[in-house]
Amino acid sequence: MARITASVYTSHVPAIGAALDLGKTQEPYWQPVFQGYEFGKQWMKDHKPDVIFLVFNDHATAFSLDMIPTFAIGTAAEYQPADEGWGPRPVPVVKGHPELASHIAQSVIQQDFDLTIVNKMDVDHGLTVPLSLMCGQQDPVKGAWPCPVIPFAVNVVQYPVPSGRRCYNLGKAIAKAVASYDEDINVHIWGTGGMSHQLQGPRAGLINKDFDNAFLDKLIDDPEAAANIPHIDYVRDAGSEGIELVMWLIARGAMADAAGGPRPKAVQRFYHVPASNTAVGHLILENQ
């Protein structure tokens, strides 16, 4: 059967993608950010999955505020990098895994989670920046990402947004779906977005290191407590865009201990501020 062997958590700051694409990774401002992902890049080479299930949020490219699903799973064979107003990122097309994606959709919907099925979708920085951080820069024409990717978009843009508990339980349903897939493949699940940041209003530029590190502590050692954080705490303590952290709970809920198995091993933890007025967090957990 298929199995989830690891989960990866990372911010998906658009300016990080720009720094990569413009060759600024060694500049003093950006160097500490990218040094924090050197371990993850080598880890990806050493633990290459067959499929990545990547949880992210769309930024008004695939969906607009006219119609935005709470949870949407990509079932296409490939996904073009989105034009977010300044042209698409110079990265390869993202290859999908329609068979596993369709199986997960069937299983999760039968577990009473309503998913929107997306057969055509461009993917923005929310998905491509994490791939670049963990897999390195790839030639947009001759290069390729190391494995197929299943995009899973979550609405954290237009209220009401799903609760942390709902996301954590959804992760459990995804893990059950993967385990019932009749092919021996290794799956990674990634949760992206966050950490604390606010992009507008009187608190623009807010970063809360204490909240972020406490969240990382909970994510590793007490995911149930992380799942119980109310929305108002994210907004008050982590800024209006800090709510993106609920997407990390989908990945965490898919780990073995959420279903009564052993606690995963944290093999990497990184935190840095600032990166374009945003806190950057990164974590890798391995199932034991």
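Residues numbered from 1 in each chain as written. Predicted model: local features only at pLDDT ≥ 70, side-chain atom pairs only at ≥ 80, totals over all residues. Heavy atoms only, no water.

Asks: Explanation requested: unusual backbone geometry in the structure shown.
Replies: Glycine aside, negative phi is the norm for most residues, and most peptide bonds take the trans geometry. Here Tyr-159 and Pro-160 are connected by a cis peptide whose omega angle stands at 5°. Note on placement: Pro-160 falls in the loop between β7 (149-154) and α6 (164-179). In the segment running from Gly-194 into Met-195, the intervening peptide bond is cis, with an omega of 5°. Of note, Met-195 is situated in the loop between β8 (186-192) and α7 (209-221). If you check the backbone angles, Ala-60 has positive phi at about 65° while not being a glycine. When you line up the elements, Ala-60 lands in the loop between β2 (51-56) and β3 (71-74). We classify Ala-60 as exposed; its relative accessible area is 59%. One non-glycine residue, Asp-112, lies in the positive phi region at around 80°. Examined against the element boundaries, Asp-112 turns out to sit in the loop between α4 (98-110) and β6 (116-118). (Helix = DSSP H or I, 4+ residues; strand = E, 2+ residues; numbered from the N terminus. Buried < 20%, exposed > 50% of the residue type's maximum accessible area, 1.4 Å probe, protein only.)

Asks: Any chance you could explain the nonpolar core here in plain terms?
Replies: In a soluble, globular protein the nonpolar side chains are often hidden away together inside. If you look at the biggest cluster of nonpolar residues, it comprises 57 residues, and the most contacted ones within it are Phe-53, Phe-152, Phe-215 and Ile-250. Of the residues forming this core, the biggest block, seven residues, is contributed by α6. Setting aside residues no more than four positions away along its own chain, Phe-215 makes contact with Met-195, Ala-226, Ile-229, Tyr-234, Leu-245 and Trp-248. The next biggest cluster of nonpolar side chains, apart from the first, holds 40 residues, and it includes Met-44, Ala-72, Leu-127 and Val-129. (Core = buried A, V, L, I, M, F, W, Y, C linked by side-chain atoms within 4.5 Å. Contact = heavy atoms within 4.5 Å.)

Asks: Help me understand helix α9 (residues 231-238), please; the structure alone is not making it clear to me.
Replies: Since there are 3.6 residues in each turn of an α-helix, residues three or four apart along the chain are aligned in direction. All buried positions along α9 are accounted for by Asp-233, Tyr-234 and Ala-238. All buried residues of α9 project into a common sector of 100° when viewed along the axis, lining one side. Looking at the packing, one finds that the buried side of α9 touches α7, α8 (223-227) and α10 (246-253). One or two residues past the end of α9 sits Gly-239, with phi positive at roughly 90°. (Arc of directions from axis to C-beta.)

Asks: How do you make sense of the packing of α6 against α10 when you look at a structure like this?
Replies: In the contact formed by α6 and α10, the axes pass within 6 Å of each other and the chain directions differ by 30°. Remark: the crossing between α6 and α10 carries right-handed chirality. Across from Gly-164, Cys-167, Tyr-168, Leu-170, Gly-171, Lys-172 and Ile-174 in α6, the residues of α10 making contact are Val-246, Leu-249, Ile-250, Arg-252 and Gly-253. Looking at the contact of α6 with α10 residue by residue, the class counts come to seven nonpolar, three polar and two charged. (Axes fitted to C-alpha atoms, helices over the stretch in contact; angles between N-to-C directions. Left-handed = near helix turned anticlockwise from the far one by under 90°. Nonpolar A, V, L, I, M, F, W, Y, C, P; charged D, E, K, R; others polar.)

Asks: What's the story with the side chain of Asn-155 in this structure? I'm lost.
Replies: Position of Asn-155 relative to the elements: it lies in the loop between β7 and α6. Taking the relative accessible area as the measure of exposure, Asn-155 reaches 4% and is therefore buried. Side-chain polar atoms of Asn-155 contact the backbone nitrogen of Val-157, separated by 3.0 Å. Setting aside residues up to four positions removed in sequence, Asn-155 forms contacts with Ile-68, Pro-69, Thr-70, Pro-160, Val-161 and Pro-162. (Polar contact = N/O pair within 3.5 Å; in protein donor to acceptor, adjacent residues only side chain to side chain.)

Asks: Can you walk me through the pairing of β3 in this structure?
Replies: Sheet faces and side chains relate simply in a regular strand, where the side chains alternate between the two faces. Neither face of β3 is left uncovered, since the one carrying Phe-71 and Ile-73 and the one carrying Ala-72 and Gly-74 both have all their residues buried. Two strands pair when backbone bridges link them, and β3 and β7 are joined in this way by three bridges, in the antiparallel orientation. Following the sheet pairing, Phe-71 is matched in β7 by Val-154. Of the strand pairs in this sheet, β3 and β6 are connected by three bridges, and their pairing is parallel. Paired with Ile-73 across the strands is Ile-117, a residue of β6. (Pairing = 2+ DSSP bridges.)

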